[in-house]
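Okay, here's what each chain looks like letter by letter:
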Amino acid sequence: MTFGRSGAASVVLNVGGARYSLSRELLKDFPLRRVSRLHGCRSERDVLEVCDDYDRERNEYFFDRHSEAFGFILLYVRGHGKLRFAPRMCELSFYNEMIYWGLEGAHLEYCCQRRLDDRMSDTYTFYSADEPGALGRDEARPGGAEAAPSRRWLERMRRTFEEPTSSLAAQILATVSVVFVIVSMVVLCASTLPDWRAAAADNRSLDDRSRYSAGPGREPSGIIEAICIGWFTAECIVRFIVSKNKCEFVKRPLNIIDLLAITPYYISVLMTVFTGENSQLQRAGVTLRVLRMMRIFWVIKLARHFIGLQTLGLTLKRCYREMVMLLVFICVAMAIFSALSQLLEHGLDLETSNKDFASIPAACWWVIISMTTVGYGDMYPITMPGRILGGVCVVSGIVLLALPITFIYHSFVQCYHELKFRSARYSRSLSAEFLN
């Protein structure tokens, strides 16, 4: 027996001020799980667990929910159409109403499901667990009050090193790190100049030893490089210590790049120690030169401090399907046009053939520079059919490259606004800290 006024043939659902009358027989098998639960209520306490309030005299159940969203849901469960989002209503709010009444995202139309997935992805980016407020949730856990001071200190340290706009100290630290990156890049570029290399060769002929053999302090460039490496190493170690999840820290792309940028210095030092001061490997070895040139990865460290590089990385991460599609387009077109160009320029008339198109792999180079409208001019078709094919290749390249660019562009704009939003949140906290 359902709790309610005896003898009443119907019940009234009051959802946000809108009243809906239902017969009592329909309650048990009503498609909305929350409404059907009213049939099994035996006491007023059971009723109040399902709805917000109850008027026994009028047999009316009150739900403090969105009335327009419930109207759309009710039309759907009664078979009067397909479930779509209510106009001028947030997708997440409507989805919250669906969950409340007992529906799932699978009940939505496919187009609305995609909108919901995109919206949930955006919200996950905006309100991730790394943002302000996570510490307050930790303190509410059992035993969180005792460990709150230490966690607060670790959280502050983590944000100082991970979020350049989270505090004044973080901005100072980020500025120092950027200065070290710029200095290291300047030294790397200057070391490839002929005058610089000639001066270094003269110093080695005088000392008969490498700058690494007697320690990094023999030459000014060695001193600067050692200081930069020391700073980057200390920064990486501190960030690893204060990180919440050590395994997740190691898997992050930027941290992997940091490791790739730091490791070559120590490998080159160890190779110098174990191969000797006058080693031929040290003087002209390819391995050491490759390891030293890997310092170029330090430039990517700037992504921690500049929103533009972060936007680029996030866009590539989200648009990997479009990027793969773009590569597939280019590869298919390259296979077709290279085979045709090789046939028209070299395969039909061997006496007057174009030697630049002697093979399909050689023709692939011409196709790729033509499709991208670069046109170095190092090879080009000389026959009339080949020139016509070249024009078709250029036009096809423009069209094929433009097709996925729209999706990538919209994703780039979205990622930029997301990161700007997050940066603004930390900037507000920085302003409050500065005023305090």
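The name given to the protein in an unreviewed UniProt entry is Voltage-gated potassium channel regulatory subunit KCNG3, with Leptonychotes weddellii as the source organism. On record in UniProt, under Subunit (unreviewed entry), the comment for the protein is "Heterotetramer with KCNB1. Does not form homomultimers." The annotation that UniProt attaches to the protein under Sequence similarities (unreviewed entry) is "Belongs to the potassium channel family. G (TC 1.A.1.2) subfamily. Kv6.3/KCNG3 sub-subfamily."

Caption draft 1: Here's a closer look at helix H9 (residues 168-190). Between its terminal C-alpha atoms H9 stretches 33 Å, which fits the 33 Å expected from 23 residues at 1.5 Å a residue. When H9 is considered as a whole, its buried residues turn out to be Ala170, Leu173, Ala174, Ser177, Val178, Phe180, Val181, Ser184, Met185, Val187, Leu188 and Ala190.

Caption draft 2: Looking closely at the packing of helix H16 (residues 307-318) against helix H17 (residues 320-347). Direction vectors running N to C along H16 and H17 enclose 70°, while the axes themselves pass 5 Å from each other. The orientation of H16 relative to H17 falls into the category roughly perpendicular. Two secondary-structure elements touch here, H16 through Leu316, Lys317 and Arg318 and H17 through Tyr320, Glu322 and Met323. Along the lines of polarity and charge, the residues of the contact of H16 with H17 split into three nonpolar, no polar and three charged.

Caption draft 3: Fine view of the pattern of salt bridges. One pass over the structure, following the stated rule, counts seven salt bridges. Put simply, Glu91 and Arg115 hold a salt bridge, and the shortest N to O gap is 2.8 Å. Taken together, the residues span a long stretch of sequence, with Glu91 in helix H5 (residues 91-101) and Arg115 in helix H6 (residues 110-126) at a distance of 24 residues. The buried category is assigned to Glu91, whose relative accessible area is 15%. Each of the salt bridges in this network shares a partner with another, and the network as a whole consists of Arg19, Asp55, Arg58 and Glu60.

What counts and what doesn't
- Sequence order sets the numbering: in each chain, residues are counted from 1 along the sequence as written.
- For this predicted model, a pLDDT threshold of at least 70 governs which residues receive local features, and a threshold of 80 or more governs which side-chain atom pairs are given and counted, while totals over whole chains, interfaces and linings are taken from all residues.
- Computation of side-chain values: all heavy atoms of the structure, hydrogens and water removed.
- UniProt positions are given in the numbering used here, feature names are shortened, and annotations may be inferred rather than shown by experiment.
- Helix and strand assignments come from DSSP, with helices taken as H or I runs of at least 4 residues and strands as E runs of at least 2, each series counted from the N terminus.
- The span you would expect from a helix comes to 1.5 Å times its residue count less one.
- Under the scheme applied here, a residue whose accessible area is under 20% of the maximum for its type counts as buried, over 50% as exposed, and between as partly exposed, the area being computed with a 1.4 Å probe on protein chains only.
- Every axis in this analysis is a line fitted to C-alpha atoms, fitted for helices over the stretch in contact. Angles between the N-to-C directions lie between 0 and 180 degrees.
- The labels follow the angle: roughly parallel below 35 degrees, roughly antiparallel above 145, roughly perpendicular from 65 to 115, and oblique for the rest.
- In what follows, residue pairs with any heavy atoms lying within 4.5 Å of each other are defined as contacts.
- When residues are grouped by polarity, Ala, Val, Leu, Ile, Met, Phe, Trp, Tyr, Cys and Pro land in nonpolar, Asp, Glu, Lys and Arg in charged, and all others, Gly among them, in polar.
- The rule for a salt bridge is simple: a side-chain nitrogen of Lys or Arg has to be within 4 Å of a carboxyl oxygen of Asp or Glu.

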